[in-house]
Protein chains: 2
Amino acid sequence: MEIIDGGVTAPKGFQAAGIMAGVKKQDKKDMALVYSEVPAAVAGVFTTNVVKASPVKWDIRLVKEQETAQAVVLNSGIANAVTGKTGDANNEAMAQYIADGLKINKNQVLTASTGVIGMQLPMDVIELGCKKLVSSLSSDRQSGKDAAEAIMTTDTICKEAAVQFSLSGKTVTLGAMTKGSGMIHPNMATMLCTVTTDASISKKMLQKAMNQVVNISFNMISVDRDTSTNDSYMILANGLAKNDTIIEEGPDFDLFCEALKEVSITLSKLMAGDGEGATKLLETKVIHADTEEHAKILAKSVITSNLVKTAVYGSDANWGRIFCAMGYSGVSFDPDKVDLYIESSAGSLKLVENGMATDYSEEKATQILSKEAVTAIADMKDGDAEACAWGCDLTYNYVKINGDYRS
Amino acid sequence: MEIIDGGVTAPKGFQAAGIMAGVKKQDKKDMALVYSEVPAAVAGVFTTNVVKASPVKWDIRLVKEQETAQAVVLNSGIANAVTGKTGDANNEAMAQYIADGLKINKNQVLTASTGVIGMQLPMDVIELGCKKLVSSLSSDRQSGKDAAEAIMTTDTICKEAAVQFSLSGKTVTLGAMTKGSGMIHPNMATMLCTVTTDASISKKMLQKAMNQVVNISFNMISVDRDTSTNDSYMILANGLAKNDTIIEEGPDFDLFCEALKEVSITLSKLMAGDGEGATKLLETKVIHADTEEHAKILAKSVITSNLVKTAVYGSDANWGRIFCAMGYSGVSFDPDKVDLYIESSAGSLKLVENGMATDYSEEKATQILSKEAVTAIADMKDGDAEACAWGCDLTYNYVKINGDYRS
């Protein structure tokens, strides 16, 4: 598998656009469109939040009822969540505008919104934006980037990934874009992530691949434990790579899952490291746990602890907080067996052996924790299962960004 | 029931002391002792964290095996958690020093520690501290305050409460002290809370009263969703008020529970409002829910959301985050039925009606949210149950305090 430069326009037959429509107050791109030149198998995973945004309700129905989809229209600035029947109607109108422009059925158009909850979309702006999007579509590299930029909210970096691999002698490409920086928490799909691929794969196997991958990528990151109302992880597979269609489990399916996993974990780590206000990516590996489920719960509990996150921000090896966070995770374990390590580009250090502090150097620990990506490893000595979770530090800037997000 | 000025020395037959022993680096009080002149019925609720501090393990055994206890020794600065067998032995020695000084059995001495996890107690300092504590015991008002001060860590205010009420013609007094500012989260007892009373009540009914009260007081607050390794809520009832001993449910038991509830909710709100870095107390009431359990879960989800907490800090009526937090709480409800209000000493405002924004004044909303205590009320219109939870805003200072807690 080869990691390539690119985003949603990397696979054959996909076009994209990202424009300034005027949904956001600032002069920033705020509408995006991803289009497959032919109908594409569609699959999706959406937020588990009871309060679901209008576009999420729309997409869940589409993914359930339709074999294919051909476009995804996305806007940033306003989330179109908790907007009642008006919000549902506005969302459907947005799909209709795109359908009219592309001359396809509105049921082929997935939608996604992100931004402030509770505000209605400005439909005059949306209508003009949809027209501009359709006329701006292109399959070039820059259009993919424009689309990725247009879905950013508090993100500080544009998040794309793409890989190429071979299936039944054909080159298959998988590209993706995502946004997400706050309101990011496990038990969700993710924020808005759109994946495109020219792989030929049945809808059923596409959904199966997504479900597998989401549990070890987007569901293993957290910025602030807040599961959004708008999380959407959508994939379009248009088959233009002409590989033998994947219709069952086997080596081809496994390879496809590997590629999807590569792209999804790359984007997950980009999101966690770009968490609102974050200065560091915090990775937690739990090894030798009794079950994978327990390893996941323990790893997630560590990366979501505000006290661990602030200690990481301060480069303070206050490892007791890691034990504390595992302790209240709901998983039973023997603290007196656990070893704990930290590592980064500055080296590796064993802080705890069999539940008691080693005679480690605080200076060295601070050096390790001062790097931009730090890993905590908990060895439970209780079995063969392991899991990895990604989060970020909690900083002054998280508070600043969220203290007046709407102004 | 009368709220009186006082703490653990308010009831008859209780003495206390709080001293500077030298556990903390700074020149601050760091050891406390509470002593009942006669053996007292004992009950306790302790942390649900799998990683339990040595004093918590000691107390759980004592409360289980002993009918009575006569003293509680507490230290701040070091939590004596994740300290292995050495920690257990040190804790037992601390109980022994106090037992020697008071000439009672060590199994009559409850222990409690709070502070940095993973460090061992300095036993020379503890031994001298215990001697000084015993010689400093007094039943006066100031001694209760000294004890309450000696258990403070990042607390900015000393937390005490006391009430007086009448049982079978006798005046009964209940006093309490607590500490807690960070690592405060529901599903625990609380941080270190010691309650004293001269009520005559059986051990069984005392424990029953505690269990009832903890679920609507200390288990309904959160500062940072981190459940500590050391949480302890202990009560000693020495019977010196000479009321007819409470041995079963009935009016006297109900009155006792009311008094315990009054003291516990007062202290809970003090803890939430004094959360690390907090500038505001955030109260959330969920009314007309289908069950009390659901109301509790919804209310807790709101007060624990970092995004709600930062918005409250910024006095920003970003109510979508309240809906979002209720939405991911795990409770099913119809967002389109919910009304949402905010209120404080600056007035009251309906922000949402039937799941959609009202035409409220942002200026008025900001005024309301700018006060030191703000309440959010969610009307679920789904039944008769209600619950209240207390938290605080998330501020720059929370990050500052916890970025370098150990230095």
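Before reading on, note that the structure itself is shown above.
Notes on the structure in this doc start here. Model, not experiment: these values are computed from the prediction.

What follows concerns the overall build of chain A. Helix and strand counts for chain A stand at 11 helices and 15 strands. The C-alpha atoms of chain A give a radius of gyration of 22 Å, which matches the 22 Å a tight globule of 407 residues would have. Across its three principal axes, chain A shows a C-alpha extent of roughly 70 × 55 × 35 Å. Expressed as a percentage of contacts within chain A between residues at least 6 apart in sequence, the contacts between residues at least 24 apart total 80%. Side chains of chain A give 39 positive and 51 negative charges; the mean places of these two sets differ by 5 Å.

The next point concerns the pairing of strand S3 (residues 31-46) of chain B. Residue and element names in this part refer to chain B. Burial within S3 is extensive, with 13 of its 16 residues counted as buried. Sheet topology note: the S3/strand S4 (residues 68-78) ladder contains seven bridges and is antiparallel. Within S4, the position partnered with Ala41 by the bridge is Thr68.

Here we come to the relation of the copies chain B and chain A. Its rotation angle being 180°, the transformation that places chain B on chain A also includes 0.0 Å of axial translation and leaves an RMSD of 0.0 Å. On this basis, the relationship between the two copies can be described by a two-fold rotation axis. Relative to the rotation axis, the C-alpha of Tyr396 of chain B is the closest in chain B, positioned 2.5 Å from it.

Under the criterion given, the structure shown has five aromatic pairs over all chains. Both rings, one in Tyr313 of chain A and one in Tyr396 of chain A, keep their centres 5.7 Å apart while their planes meet at 85°; by these two values the pair is edge-to-face. With Tyr313 of chain A in helix H8 (residues 306-313) and Tyr396 of chain A in helix H11 (residues 396-403), this residue pair connects regions lying 83 residues apart in the sequence. Exposure remark for Tyr396 of chain A: the relative accessible area of 27% places this residue in the partly exposed category. What links up through ring pairs into an aromatic cluster is the set Tyr313 and Tyr396 of chain A together with Tyr313 and Tyr396 of chain B. The ring of Trp58 of chain A has Arg61 of chain A lying over it, and the distance from NZ or CZ to the ring centre is 5.0 Å.

All names here are of chain A. With mixed pairing, the six strands of this open sheet are ordered in space as S13-S12-S11-S14-S10-S15. Both outer strands of the open sheet, strand S13 (356-357) and strand S15 (385-392), are each paired with one neighbouring strand and no more. By the bridge criterion, five bridges tie strand S11 (residues 339-344) to strand S14 (residues 373-379) in an arrangement that is antiparallel. Residue pairing across strands places Tyr341 opposite Ile377, the latter belonging to S14. Most of the contacts of helix H6 (residues 251-273) go to S15, to which it runs at about 45°, and overall it touches strand S10 (281-289) and S15.

Turning our attention to the interface of chain B and chain A. Counting from both sides, the interface comprises 56 residues of chain B and, opposite them, 56 residues of chain A. In this assembly, chain B packs against chain A so that about 4,600 Å² is buried in total across both faces, 59% of it on carbon and sulfur atoms. Counting across the interface, chain B meets chain A through zero salt bridges. If you look at where chain B meets chain A, you find one residue pair in polar contact (both at pLDDT 80 or more). Elements with a minimum of two residues in the side of chain B that touches chain A: helix H2 (84-102), helix H8 (306-313), helix H9 (320-327), strand S13 (356-357) and helix H11 (396-403) of chain B. Counting residues per element, the side of chain B that touches chain A draws most heavily on H11 of chain B, at six residues.

This part takes up the nonpolar core. In terms of nonpolar packing, the biggest core is built from 133 residues, with Ile98 of chain A together with Tyr233, Phe256 and Leu260 of chain B touching the most fellow members. The residues contacting Ile98 of chain A, other than those within four sequence positions of it, are Leu33, Ala71, Val73, Val109, Cys130, Leu133 and Val134 of chain A. Ile265 of chain A together with Val42, Cys130 and Met177 of chain B belong to the second largest nonpolar core, which has 132 residues in total.

In this section: the sheet that holds strand S12 (residues 347-353) of chain B. All names here are of chain B. Taken together, six strands build an open sheet; the order of strands is S13-S12-S11-S14-S10-S15 and the sheet is mixed. Bordering the open sheet on either side are S13 and strand S15 (385-392), each of which pairs with just one other strand. Pairing of strand S10 (residues 281-289) with S15 involves seven bridges; the strand directions are antiparallel. Among the inter-strand pairings, Lys285 is bridged to a residue of S15, identified as Cys388. Along the sheet face, helix H10 (residues 362-369) touches strand S11 (339-344), S12 and strand S14 (373-379) and points at about 125° away from the line of S12.

Calculation rules
- Residues numbered from 1 in each chain as written.
- Chains lettered and ligands numbered in written order.
- Predicted model: local features only at pLDDT ≥ 70, side-chain atom pairs only at ≥ 80, totals over all residues.
- Heavy atoms only, no water.
- Helix = DSSP H or I, 4+ residues; strand = E, 2+ residues; numbered from the N terminus.
- Rg over C-alpha atoms; globule rule 2.2 N^0.38 Å.
- Contact = heavy atoms within 4.5 Å.
- Lys, Arg positive; Asp, Glu negative; His and termini not counted.
- Charge placed at Lys NZ, Arg CZ, Asp CG, Glu CD.
- Buried < 20%, exposed > 50% of the residue type's maximum accessible area, 1.4 Å probe, protein only.
- Pairing = 2+ DSSP bridges.
- Least-squares fit on C-alpha atoms with pLDDT ≥ 70 in both.
- Phe/Tyr/Trp six-rings, centres within 6.5 Å; stacked < 30°, edge-to-face > 60°.
- Lys NZ or Arg CZ within 6 Å of the ring centre and 35° of its normal.
- Axes fitted to C-alpha atoms, helices over the stretch in contact; angles between N-to-C directions.
- Buried area = accessible area lost by both parts, 1.4 Å probe.
- Salt bridge = Lys/Arg side-chain N within 4 Å of Asp/Glu carboxyl O.
- Polar contact = N/O pair within 3.5 Å; in protein donor to acceptor, adjacent residues only side chain to side chain.
- Core = buried A, V, L, I, M, F, W, Y, C linked by side-chain atoms within 4.5 Å.

All we've got here are geometric facts, nothing functional implied.
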